[in-house]
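The primary structure of each chain is shown beneath.
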Protein chains: 2
Amino acid sequence: MREIHDTELLQHYMETFEIKPILNDDLLPYLTLFSYDHGELICTQGDPYNHLYLLVKGKLKIFNTSPEGRTLILSFKTPLDVVGDIEYVQGTDFINTVEAVSEVHMIAIHHRWLKKFASDHTPLLKFLLNVITQKFYVKSSSLSFNLLYPVEVRFASYLLSVCFDEGDALYSGKLSTSHLIDAANLIGTSYRHLNRVIQHLSKEGLVERHKGFIEVKNREGLSELANHRNIYEK
Amino acid sequence: MREIHDTELLQHYMETFEIKPILNDDLLPYLTLFSYDHGELICTQGDPYNHLYLLVKGKLKIFNTSPEGRTLILSFKTPLDVVGDIEYVQGTDFINTVEAVSEVHMIAIHHRWLKKFASDHTPLLKFLLNVITQKFYVKSSSLSFNLLYPVEVRFASYLLSVCFDEGDALYSGKLSTSHLIDAANLIGTSYRHLNRVIQHLSKEGLVERHKGFIEVKNREGLSELANHRNIYEK
DNA sequence: AAAGTTTTAGGACATATGTCCTTCCCAACG
DNA sequence: CGTTGGGAAGGACATATGTCCTAAAACTTT
């Protein structure tokens, strides 16, 4: 992690994502721009809270490790998104671990300044309400989906979300094998079982296994299997 | 459902739960007190939103029915709690169905007035932020817990939460059999499987099956099995 | 009290998923 | 060019859970 002293870049992000309207002017001097490399941890579960982060570049992985050591990936995030909002509101330690998947830029604001200057700033409160309710929705449908459907269905939904969203024509319809472990942890199953499910989907002709990646062969069929629900979307 | 025209009772609730501070004075004339009987539905998933409700008396069951018809109970609520908050913030239809488990009193405020008089009212915004982040916490740990642990562990946690919280000495440590189906739906499993698990816990001497109810025999043992996590707490 | 009806527990079997371990493939390295 | 190490896929087996159905119990109605 390193701080980026680049006022112009900060300004650029503020404009792109329309951040200024939600912040109190008094806060502006206290914004810091941080950069994280691939694999770096932004915060670890159990850390005491102290910053609110705005993700403005790159991709984050949010996950949680159980006392038994099992990892559960909760989500991937792309700009604009917020980290540490719940912790800020509740004044609690971080619940999850946040890792940079690519090079990541985040605008950080120390809670101290937020409390001092913006605890009654309506636009920020409304912004937080919005972000948090959205997170609640995702979490809520995720819970139902996980409890109600088997891994096969969840993986179908996952494949559809991950393989066709990036706009990357090359990888369209393909999932790199190296991401399979992540996928398993995100879906909440074991790597072994995911493999079994892929094997089954192969037999059905929905996907095909190649060296290094898995290719979607029948998008419509997967979508039907997933009940047309894109639970892992964004 | 019927409206209660009892200004004094309304006042009484407002004081007991310190509701006035979070509301804008302009709103006060628009508060309505509703009463629901056991089994009545307050709202059904898919309903268009229109009221924000404050639960001030009785017990609510929040549940969700999947397209396939499976029911998943998300929580039980007791005063003071809020219903329709997420829907109010997002302007979306109700996600879940809300049913009165006992006789229930709720203070209702139509979204129209909230928007008109309180959309910038900081105390309300803060109150909502608080309530919603708390709901997020519950949902979040619920998700992890469900994905990471088998039914036996979840049921142990459930038993501890439900059997020892009410302060009702008579039922302390006991779970009425008639609630078993609810319990299964709350835990996210089938009634059949729950029975199997109870049988197993019996063999271990942790609980005992009697006519009409299940009795906890070894609270400490259950707590250990549940990893000391009380996921269903309130 | 007898007959029917609903509620509740459990049997039988199939499917879903986890754990552990082995095999195979490929790359790095001597 | 063989050796070794690591990662990825899959086999074998155990456990967890779902579905459908049956048996027993309790409760209603006549």
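Residues numbered from 1 in each chain as written. Chains lettered and ligands numbered in written order. Predicted model: local features only at pLDDT ≥ 70, side-chain atom pairs only at ≥ 80, totals over all residues. Heavy atoms only, no water.

A. Here's a closer look at the protein's contact with DNA strand C. In the vicinity of DNA strand C there are 16 residues, among which Thr189 and Arg196 of chain A together with Tyr191, Arg192 and Arg209 of chain B approach most closely. In DNA strand C, atoms within 4 Å of the protein come from the sugar-phosphate backbone in 43% of cases. Backbone polar atom of Ser190 of chain A to a phosphate oxygen of DNA strand C: 3.2 Å apart, as the coordinates give it. Arg196 of chain A places a polar side-chain atom, nitrogen or oxygen, 2.8 Å from a base nitrogen of DNA strand C. For the surface near DNA strand C, the secondary structure elements donating two or more residues are α5 (151-164) and α7 (191-203) of chain A together with α7 (191-203) of chain B. (Near = heavy atom within 4 Å. Polar contact = N/O pair within 3.5 Å; in protein donor to acceptor, adjacent residues only side chain to side chain. Helix = DSSP H or I, 4+ residues; strand = E, 2+ residues; numbered from the N terminus.)

B. How the structure looks around the sheet that holds strand β10 (residues 174-176) of chain B. All names here are of chain B. One open sheet accounts for three strands, arranged β10-β12-β11; its pairing is antiparallel. Whereas interior strands pair on both sides, the edge strands pair on one side only; in this sheet they are β10 and β11 (207-210). Going from strand to strand, the sheet's axes swing by 20° on average, the running direction of each strand aside. Direction of pairing for β10 relative to strand β12 (residues 213-216): antiparallel, over a ladder of three bridges. Bridge pairing in β12 places Ser176 opposite Phe213. Packed on one face of the sheet, α7 meets β11 and β12 and runs near 115° to β11. (Pairing = 2+ DSSP bridges. Axes fitted to C-alpha atoms, helices over the stretch in contact; angles between N-to-C directions. Contact = heavy atoms within 4.5 Å.)

C. Structural detail: the interface of chain B and chain A. Facing the 38 residues of chain B at the interface are 38 residues of chain A. Across the chain B to chain A interface the summed buried area is about 3800 Å²; carbon plus sulfur atoms make up 69%. For chain B, the biggest contributors to the area lost against chain A are Phe136, Tyr137 and Leu147 of chain B; these three give 18% of the whole. Remark: the boundary between chain B and chain A carries two salt bridges. Linking Asp120 of chain B and Lys126 of chain A is a salt bridge whose minimum nitrogen-to-oxygen distance equals 2.7 Å. Linking chain B to chain A there are twelve residue pairs in polar contact (both at pLDDT 80 or more). Counting residues per element, the side of chain B that touches chain A draws most heavily on helix α4 (residues 122-148) of chain B, at 20 residues. (Buried area = accessible area lost by both parts, 1.4 Å probe. Salt bridge = Lys/Arg side-chain N within 4 Å of Asp/Glu carboxyl O.)

D. Spotlight on the packing of α5 of chain A against helix α6 (residues 180-187) of chain A. All names here are of chain A. The N-to-C vectors of α5 and α6 enclose an angle of 120°; their axes lie 10 Å apart at closest approach. By the angle class used here, α5 and α6 are oblique. α5 and α6 meet at a crossing whose hand is right-handed. Each of Val151, Arg154, Phe155 and Tyr158 in α5 lies in contact with α6, whose residues at this interface are Ala183, Leu186 and Ile187. Looking at the contact of α5 with α6 residue by residue, the class counts come to six nonpolar, no polar and one charged. (Parallel < 35°, antiparallel > 145°, perpendicular 65-115°, else oblique. Left-handed = near helix turned anticlockwise from the far one by under 90°. Nonpolar A, V, L, I, M, F, W, Y, C, P; charged D, E, K, R; others polar.)

E. Representation of the domain arrangement of chain A in the model. Residue and element names in this part refer to chain A. Each assigned domain of chain A is listed with its residue range as follows: domain 1 (2-121) and domain 2 (148-225). Of note, the centres of domain 1 and domain 2, computed from C-alpha atoms alone, are 30 Å apart. On the side of domain 2, five residues touch domain 1, which itself brings nine residues to the contact. Between domain 1 and domain 2 the total buried area reaches about 540 Å² when both faces are included, carbon and sulfur atoms providing 51% of it. Summed over the three residues of domain 1 that lose the most area to domain 2, namely Thr71, Ile73 and Phe76, the buried surface amounts to 58% of that side. At the boundary of domain 1 with domain 2, the tally comes to one salt bridge. Among the salt bridges present, the one from Lys61 reaches Asp182, with a minimum N-O distance of 3.1 Å. Taken together, domain 1 and domain 2 are joined by two residue pairs in polar contact (both at pLDDT 80 or more). Broken down by element, the residue count for the side of domain 1 that touches domain 2 peaks at six residues, all from strand β6 (residues 71-77). (Domains from an automatic or database assignment.)

F. Representation of the relation of the copies chain B and chain A in the model. You can overlay chain B on chain A at an RMSD of 0.1 Å; the transform is a turn of 180° with a shift of 0.0 Å along its axis. In symmetry terms, the pair is related by a two-fold rotation axis. Mapped onto chain A, 100% of the interface residues of chain B are again interface residues, and the two copies thus contact each other with one and the same surface. (Least-squares fit on C-alpha atoms with pLDDT ≥ 70 in both.)

G. Region of the structure containing the packing of aromatic side chains. All names here are of chain A. Going through the model one piece at a time under the given rule, you end up with 13 aromatic pairs over all chains. Seen in terms of ring centroids, Tyr30 and Phe117 are 5.8 Å apart; in terms of plane orientation they differ by 20°. Their pairing is stacked. Within this pair, whereas Tyr30 is found in the loop between α1 (7-16) and β2 (32-36), its partner Phe117 is found in helix α3 (residues 111-118), the two being separated by 87 residues in sequence. A relative accessible area of 23% means that Phe117 is categorised as partly exposed. (Phe/Tyr/Trp six-rings, centres within 6.5 Å; stacked < 30°, edge-to-face > 60°. Buried < 20%, exposed > 50% of the residue type's maximum accessible area, 1.4 Å probe, protein only.)

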